[in-house]
Protein chains: 2
Amino acid sequence: MNTDATIFVVDDDASMRKSLLWLLRSAGWRAEAFASAEDFLARPVWPGPGCLILDVRMPHLTGPQLRDRLAAANSSLPIIFLTGHGDVSTGVDAMKKGAVDFLLKPVDDQVLLQNIQLAVERHRAARAHARELHIIRERLARLSGREQEVMEYVIAGCLNKQIADALGIAEKTIKIHRGRVMQKMEANSVADLVHLCQTAGVAPRRAT
Amino acid sequence: MNTDATIFVVDDDASMRKSLLWLLRSAGWRAEAFASAEDFLARPVWPGPGCLILDVRMPHLTGPQLRDRLAAANSSLPIIFLTGHGDVSTGVDAMKKGAVDFLLKPVDDQVLLQNIQLAVERHRAARAHARELHIIRERLARLSGREQEVMEYVIAGCLNKQIADALGIAEKTIKIHRGRVMQKMEANSVADLVHLCQTAGVAPRRAT
DNA sequence: AGCAGCATAGGACTAAGGTCCTATTGCGCC
DNA sequence: GGCGCAATAGGACCTTAGTCCTATGCTGCT
């Protein structure tokens, strides 16, 4: 359910905040509203899934500026811009920088809710992927240099013999390294290993 | 080089077409211009890499309508919109539907040329990927039902024994199927096979 | 000085993968 | 009714991978 996701609203217009909060909560979302970008930044970083509904024109920090701050802080929170007076280049630029949508006030409730649904789903998927990636990278970090090297040949489909030849060492030693790679990467098969490496962006290395 | 790419300009303003053609050609691109969407559609489909610089407001078919036609015809040509009087939602919508950019006239020559470079590179990459995918799918189509089934277990890292068990047949038969899978898929190793399947979106099947 | 970790390697063995040849059954097609 | 193909399978045999035990030389840290 949506109980673990939170929708954040940042808008300097109090009546807007009020009506958005009402809409979101009656649609079953947990929601919080902020009157300025600064207020939102003052909040402890939200660690769960969610999304941000962001006004463009605000005193001090604008919506796009807040987005840049969040991006610089490695936030993955998806953003839906909501603005009364948008100009074309701001909208296009927002989309290029990954916004889920750039909506004009007054916005249709259903359109907004659909966008939120999409944004939260995307965020969940992105978070799951990031977690997976992190786990794999931790395993990779446990490999010694030689083990990493051997692994790159293994995921290229090289035989132990070929790897031994390429590295100029005994096939026996390759087997040892290879066994440790499988242990440390927690892979049960070459297929598993290939999959892990592909996810983590480890490139295969072909014997010349 | 850029000799195999063509840039298409579709704009109803003759002076715009002329100056764009001049700009593109002096930057080393092969370029063609059309006064209307219909004229462009009348042209034989361009099979190579390239991109489309498209005006939004035109008599009869508009830019976005042309994009929809091309999308329906499975075109992969990237589009850069170029418009004098864009409204926000058109721009945002264009970006959501995959436009490379949505630029306002008058456009800075360097910005446009950079966008074209990006668009053509993306198109080349997309085309290369599509070709690769097509080759893999053709190989997949050569597999018999049983072979496909066995392959799904193989790329899950299952042992022949486990596959035999799951399918209720002899391990010997799995070896036969497996050998034929490797032949037909033109894979030299399990690692190769996993890679091909991952590219083609064939999901591994785990033994229960 | 001594220990931990890495890279190296041999011996002995098991298991798993792969290939060649042969063979049977069942299905659809000309 | 025979032909081709998919699916099934056994025998014989070789190659690869993986594991357990043992062992050496090097580096860096304490």
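Residues numbered from 1 in each chain as written. Chains lettered and ligands numbered in written order. Predicted model: local features only at pLDDT ≥ 70, side-chain atom pairs only at ≥ 80, totals over all residues.

Q: Could you clarify how one ought to interpret the relation of the copies chain A and chain B in this entry?
A: Each of the two chain copies goes to the other by way of a rotation about an axis and a shift along it. You can overlay chain A on chain B at an RMSD of 0.1 Å; the transform is a turn of 180 degrees with a shift of 0.0 Å along its axis. The transformation relating the two chain copies, once decomposed into turn and shift, fits a two-fold axis. Residue Val88(A) of chain A places its C-alpha closer to the rotation axis than any other residue of that unit, at 2.3 Å. Interface overlap between copies: 100% of the residues of chain A at the interface are likewise at the interface in chain B, consistent with a symmetric, same-surface contact. (Least-squares fit on C-alpha atoms with pLDDT ≥ 70 in both. Contact = placed C-beta atoms within 7 Å.)

Q: Would you mind showing me how to read the nonpolar core here?
A: Within soluble globular proteins, side chains that are nonpolar generally end up buried alongside one another. Judged by nonpolar contacts, the single largest core of 67 residues is most densely connected at Ile80(A), Phe81(A), Ile80(B) and Phe81(B). Sequence-distant contacts of Phe81(A), defined by excluding residues within four places in its chain, comprise Leu54(A), Val56(A), Gly63(A), Ala94(A), Ala99(A), Phe102(A) and Leu103(A). Listed in part, the 36 residues of the second largest apolar core include Ile163(A), Ala187(A), Ile163(B) and Met185(B). (Core = buried A, V, L, I, M, F, W, Y, C linked by C-beta atoms within 7 Å. Buried ≥ 20, exposed ≤ 12 C-beta atoms within 10 Å, placed from the backbone.)

Q: Explanation requested: the protein's contact with DNA strand D in the structure shown.
A: Surrounding DNA strand D, one finds 15 residues, the nearest of these being Asn160(A), Ser144(B), Arg146(B), Ile169(B) and Ala170(B). Among the elements of the structure, helix H7 (160-167) and helix H8 (171-185) of chain A together with helix H6 (145-154) and helix H8 (171-185) of chain B are those that each provide at least two residues to the surface near DNA strand D. Its residues assigned to classes, the surface near DNA strand D comprises 4 nonpolar, 5 polar and 6 charged. (Near = placed C-beta within 6 Å. Helix = DSSP H or I, 4+ residues; strand = E, 2+ residues; numbered from the N terminus. Nonpolar A, V, L, I, M, F, W, Y, C, P; charged D, E, K, R; others polar.)

Q: Could you clarify how one ought to interpret helix H4 (residues 88-96) of chain B in this entry?
A: For H4(B), the full list of buried residues reads Thr90(B), Gly91(B), Val92(B), Ala94(B) and Met95(B). Packing partners of the buried residues in H4(B) comprise helix H4 (88-96) and strand E5 (101-104) of chain A together with helix H3 (63-72), strand E4 (79-83) and strand E5 (101-104) of chain B.

Q: What is the right way to read the sheet that holds strand E2 (residues 30-34) of chain B from this model?
A: Paired through their backbone hydrogen bonds, the strands of a sheet run either parallel or antiparallel. Residue and element names in this part refer to chain B. Spatially, the 5 strands line up as an open sheet ordered E2-E1-E3-E4-E5, and their pairing is parallel. Pairing within the sheet leaves two strands with one partner each, and these edge strands are E2 and E5. The sheet shows a mean angle of 20 degrees between the axes of neighbouring strands, direction not considered. Across 5 bridges, strand E1 (residues 6-10) lies against E2 in parallel orientation. Across the sheet, Val10 pairs through a bridge with Phe34, a residue of E2. Sitting on the sheet, H3 is in contact with E1, strand E3 (50-55) and E4, with an inclination near 145 degrees to E3. (Pairing = 2+ DSSP bridges. Axes fitted to C-alpha atoms, helices over the stretch in contact; angles between N-to-C directions.)

Q: When you look at unusual backbone geometry in this model, what are you seeing that I'm missing?
A: All names here are of chain A. Cis rather than trans, the peptide bond between Lys105 and Pro106 has omega equal to 0 degrees. With respect to the secondary-structure elements, Pro106 resides in the loop between E5 and helix H5 (109-141). Phi is positive for Glu186, close to 55 degrees, though the residue is something other than glycine. Tracing the sequence through the fold places Glu186 in the loop between H8 and helix H9 (190-200).

Q: What's the story with the packing of H4(A) against H4(B) in this structure? I'm lost.
A: Describing two packed helices takes the angle between their axes plus the distance from one axis to the other. It is at 8 Å that the axes of H4(A) and H4(B) come closest, and there the two elements cross at 20 degrees. Between H4(A) and H4(B), the angle is such that the two are roughly parallel. Relative to H4(B), the crossing made by H4(A) is right-handed. Of the residues in H4(B), those in contact with Val88(A), Gly91(A), Val92(A), Met95(A) and Lys96(A) of H4(A) are Val88(B), Gly91(B), Val92(B), Met95(B) and Lys96(B). Residue composition of the contact of H4(A) with H4(B), grouped by class: 6 nonpolar, 2 polar and 2 charged. (Parallel < 35°, antiparallel > 145°, perpendicular 65-115°, else oblique. Left-handed = near helix turned anticlockwise from the far one by under 90°.)

Q: How do you make sense of H3(B) when you look at a structure like this?
A: Residues that lie three or four places apart on an α-helix share one face, since the helix turns once every 3.6 residues. Residues and elements named next belong to chain B. Here H3 has its buried residues at Gly63, Leu66 and Arg67. Buried residues in H3, looked at end-on, bunch into an arc of 105 degrees, giving them a common side. Looking one or two places after H3, you find Asn74, whose phi comes out positive at around 65 degrees. (Arc of directions from axis to C-beta.)

Q: Looking at this model, I keep getting lost on the protein's contact with DNA strand C. Mind explaining?
A: Neighbouring DNA strand C are 15 residues, the closest being Ser144(A), Arg146(A), Ile169(A), Ala170(A) and Asn160(B). Here the surface near DNA strand C is built from residues that sort into 4 nonpolar, 5 polar and 6 charged.

Q: Mind showing me how you'd approach the packing of helix H5 (residues 109-141) of chain B against helix H9 (residues 190-200) of chain B here?
A: Residue and element names in this part refer to chain B. Direction vectors running N to C along H5 and H9 enclose 110 degrees, while the axes themselves pass 9 Å from each other. Considering their axes alone, H5 and H9 lie roughly perpendicular with respect to each other. In the crossing of H5 with H9, the sense of the turn from one axis to the other is left-handed. Residue-level contacts link Glu132, Leu133, Ile136, Arg137 and Leu140 of H5 to Leu196, Thr199 and Ala200 of H9. Each residue belonging to the contact of H5 with H9 can be placed in one class, and the counts come to 5 nonpolar, 1 polar and 2 charged.

Q: Looking at this model, I keep getting lost on the sheet that holds strand E4 (residues 79-83) of chain A. Mind explaining?
A: All names here are of chain A. The strand order across the open sheet built from 5 strands is E2-E1-E3-E4-E5, with neighbouring strands paired in parallel fashion. Only two strands of the sheet have a single partner each, and these edge strands are strand E2 (30-34) and E5. Across this sheet, the average inter-strand angle for adjacent strands is 20 degrees, counted without regard to direction. Pairing of strand E3 (residues 50-55) with E4, which is carried by 4 bridges, proceeds in the parallel orientation. Paired with Asp55 across the strands is Leu82, a residue of E4. Where H5 meets the sheet, it contacts strand E1 (6-10), E3, E4 and E5, and its direction lies at approximately 135 degrees from that of E3.

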